[in-house]
Amino acid sequence: MTAPRAPEPLGADGSPSRPPAVTHVWYAAYGSNTHPERFRHYLAGGRPPGGRREFPGCRDPRPPRCSTPLLLRGRLHFATESAVWTGGRAFYDPDVDGELPARGYLLTVSQFSDVAAQEMYRTPEGDLDLTGVLTRGRDRLGPGRYETLVCAGRLDGHPVLTFTAPWRSTEVPPNPPSAAYLRHIAAGLSTTHGWSPHRTATHLAACPGVHPRWSVQAIAELLAPAARPGPVPPGPP
């Protein structure tokens, strides 16, 4: 199992400088998209097991060039109500101390833009302007739940990007996730980081919004059959 990697820090002024040309970015997935089989539906289209929505897929449906385990600064929390899974959605709060396990997919800018569009239930149709997030480290594209872009640093010369809500984890009422959603997230953590069901359950139970509906034992029992490591997308030749 590959050891998780932390993105390189941003520049001395706290912001990453934009390289001459950005063709690929690391998409840092921290929720159910940490599971490669789940994420495949964002690329190629379709309905993930347990989901309520059909995804159109990316204009470029090819698999990621490679993937890697990541550790981001911040924490995972659950809030609002998911139209795909019911229950709370996963959000990333980068402004708190903590360590968030994630999975990095090396995508084209077009693919990252299309994944972001689908997270907002929109049809992929154009590339995002990444100027703001690449020069300031964060860019709020709109008020929506996944319309705030965050740059967590750089890895192998590529920016590490993800999206989340504009609010802090303390500024929105918590809402526990559904069983189906937890299974996908757990499978992703296990596949990416090689975690056991108990370690996965311990991590998830500590995330704001999960307790008191889900205890460590309840999550471990729920996830034991589904949280086993699976195939990792191949890296570049």
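Our structure's up above, just so we're on the same page.
Residues numbered from 1 in each chain as written. Predicted model: local features only at pLDDT ≥ 70, side-chain atom pairs only at ≥ 80, totals over all residues. Heavy atoms only, no water.

**Observations concerning helix 6 (residues 216-223)**
Now for step 1: Residues of helix 6 that are buried include every one of I219, A220, L222 and L223, and no others. Down the axis of helix 6, the buried side of the element spans an arc of 165°, and every buried residue falls inside it. Exposed and facing more than 90 degrees away from the buried side of helix 6 are Q217 and E221.
Now for step 2: Looking at the buried positions of helix 6, the neighbouring elements they touch are helix 4 (179-193) and helix 5 (197-205). (Buried < 20%, exposed > 50% of the residue type's maximum accessible area, 1.4 Å probe, protein only. Helix = DSSP H or I, 4+ residues; strand = E, 2+ residues; numbered from the N terminus. Arc of directions from axis to C-beta. Contact = heavy atoms within 4.5 Å.)

**Brief notes about the pattern of salt bridges**
Now for step 1: A complete count under the given rule lists 11 salt bridges for this structure.
Now for step 2: Here R59 ties to D114 by a salt bridge, and the two come within 2.9 Å at their closest N and O atoms. Of this pair, R59 sits in the loop between helix 1 (36-44) and strand 2 (67-73) while D114 is found in helix 2 (residues 109-119), placing the two residues 55 residues apart along the sequence.
Now for step 3: One salt bridge in this structure joins R138 and D95, with 2.9 Å as the shortest N-O distance. Of this pair, R138 sits in strand 6 (residues 138-140) while D95 sits in the loop between strand 4 (89-93) and strand 5 (99-108), and the two are 43 residues apart along the sequence.
Now for step 4: Looking at R138, the relative accessible area reads 36%, which means it is partly exposed.
Now for step 5: Judged by relative accessible area, D95 falls into the partly exposed class, the value being 34%.
Now for step 6: A network of salt bridges, in which partner residues are shared, links R59, D114 and D127. (Salt bridge = Lys/Arg side-chain N within 4 Å of Asp/Glu carboxyl O.)

**Examining the packing of aromatic side chains**
Now for step 1: One pass over the structure, following the stated rule, counts 14 aromatic pairs.
Now for step 2: By the ring-pair criterion, three or more aromatic residues cluster together here, those being Y27, F39, Y42, F55, F91, Y105, F112, Y146, F163 and W167.
Now for step 3: Lying across the ring of Y121, R145 places its NZ or CZ 4.3 Å from the centre. (Phe/Tyr/Trp six-rings, centres within 6.5 Å; stacked < 30°, edge-to-face > 60°. Lys NZ or Arg CZ within 6 Å of the ring centre and 35° of its normal.)

**Concerning unusual backbone geometry**
Working note: non-glycine residues mostly have negative phi, and peptide bonds are mostly trans.
Now for step 1: Across the junction of H211 and P212, the peptide omega takes the value 10°, indicating a cis bond.
Now for step 2: Mapping P212 onto the fold places it in the loop between helix 5 and helix 6.
Now for step 3: The backbone phi angle of T80 is positive, close to 55°, even though this residue is not glycine.
Now for step 4: Assignment of secondary structure puts T80 in the loop between strand 3 (75-79) and strand 4.

**Details of the side chain of T162**
Now for step 1: Mapped onto the secondary structure, T162 falls in strand 8 (residues 158-164).
Now for step 2: Among the polar contacts made by the side chain of T162, one reaches the main-chain carbonyl oxygen of A28 at a distance of 2.8 Å.
Now for step 3: Look past the residues within four positions of T162 in its chain and what remains in contact with it is Y27, A28, Y30, Y92, F112, T148, L149 and V150. (Polar contact = N/O pair within 3.5 Å; in protein donor to acceptor, adjacent residues only side chain to side chain.)

**Focus on the nonpolar core**
Now for step 1: Within the largest apolar cluster, 62 residues are counted, with the highest numbers of intra-cluster contacts made by Y27, L130, L204 and I219.
Now for step 2: With near-sequence residues (within four places) excluded, Y27 lies in contact with N33, F39, R103, G104, Y105, L107, F112, V115, E119, L161, T162 and F163. (Core = buried A, V, L, I, M, F, W, Y, C linked by side-chain atoms within 4.5 Å.)

**What to know about empty space enclosed by the protein**
Now for step 1: Inspection of every chain in the model, using the stated rule, returns one cavity of 30 Å³ or more.
Now for step 2: A volume near 220 Å³ is recorded for the largest cavity.
Now for step 3: Listing elements by their share of the lining of the largest cavity, those giving two or more residues are strand 1 (24-29), helix 1, strand 4 and strand 8.
Now for step 4: It is strand 1 that provides the largest number of residues to the lining of the largest cavity, a total of three residues.
Now for step 5: In terms of residue class, the lining of the largest cavity is built from 13 nonpolar, five polar and four charged. (1 Å grid on protein atoms, 1.4 Å probe; cavity = no way out; pocket = protein on both sides within 12 Å on 5 of 7 lines; lining within 4 Å. Points joined across faces, edges and corners; volume = space filled by probe spheres on them. Nonpolar A, V, L, I, M, F, W, Y, C, P; charged D, E, K, R; others polar.)

**Things to note about the side chain of T191**
Now for step 1: You can see T191 is positioned in helix 4.
Now for step 2: Judged by its relative accessible area of 2%, T191 is buried.

**Here we look at the pairing of strand 8**
Now for step 1: Of all seven residues making up strand 8, six are buried, and the element is well covered by its neighbours.
Now for step 2: Sheet topology note: the strand 7 (residues 148-155)/strand 8 ladder contains seven bridges and is antiparallel. Along strand 8, the bridge assignment pairs L155 with H158. (Pairing = 2+ DSSP bridges.)

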